[in-house]
Amino acid sequence: MKNLRMLIPFYTWFLARKNGYSKSWKVAVACFQFETGNYTNRGAKELHNICGMRPANVRPQNRVGVSDGYAVFANYYDCIEDYFLRQKNFGVSDSGDVKTWVHELKASKYFEANENEYFKGVTYYYNLDSRDSER
């Protein structure tokens, strides 16, 4: 678990920059933490899917399988890269702002939950991460 908390931000920073999302990488990490219960759900543990990614129908996807309607990835790197490729494909901008990122994710139909609740969850992890880095 501790390795994931170090590995995921590094992969996210690298892949965000590679795909044109250098401002939004910390917001993406907070999304991953929120969606997986801080990397504790089945998707994170068994599917290498920290984004809740479903099988893509309108774009190429680097998944290795499908389990219960979710994409299965060979590793976290592939999952995170797919996440940014998806955002690029759907026109999500590199705002670096939690509210804008969440709003654009919702508008692109990335998640079905209530936008305000999703925003609150992502903001919690975003702020938690910011407090940790200030120590």
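Residues numbered from 1 in each chain as written. Predicted model: local features only at pLDDT ≥ 70, side-chain atom pairs only at ≥ 80, totals over all residues. Heavy atoms only, no water.

Caption draft 1: Expanded view of helix α2 (residues 25-36). Spanning 12 residues, α2 covers 17 Å between terminal C-alpha atoms, matching the ideal 16 Å at 1.5 Å per step. With 9 of 12 residues buried, α2 is to be regarded as a mostly interior element. If you check which residues of α2 are buried, you get W25, V27, A28, V29, A30, C31, F32, Q33 and T36. Looking one or two places after α2, you find G37, whose phi comes out positive at around 65 degrees. (Helix = DSSP H or I, 4+ residues; strand = E, 2+ residues; numbered from the N terminus. Expected span 1.5 Å × (residues − 1). Buried < 20%, exposed > 50% of the residue type's maximum accessible area, 1.4 Å probe, protein only.)

Caption draft 2: Local environment of unusual backbone geometry. A positive phi angle is found at N38, which is not glycine, with a value near 60 degrees. Within the secondary structure, N38 is located in the loop between α2 and α3 (42-46). Here the phi dihedral of H48 falls at roughly 55 degrees; this positive angle occurs in a residue that is not glycine. Within the element layout of this structure, H48 appears in the loop between α3 and β1 (65-67).

Caption draft 3: Structural detail: the pattern of salt bridges. By the definition in use, this model includes 5 salt bridges. In this structure, D68 engages R42 in a salt bridge whose closest nitrogen and oxygen atoms are separated by 3.5 Å. Of this pair, D68 sits in the loop between β1 and β2 (70-72) while R42 sits in helix α3, placing them 26 residues apart in sequence. Since its relative accessible area comes to 65%, D68 is described here as exposed. (Salt bridge = Lys/Arg side-chain N within 4 Å of Asp/Glu carboxyl O.)

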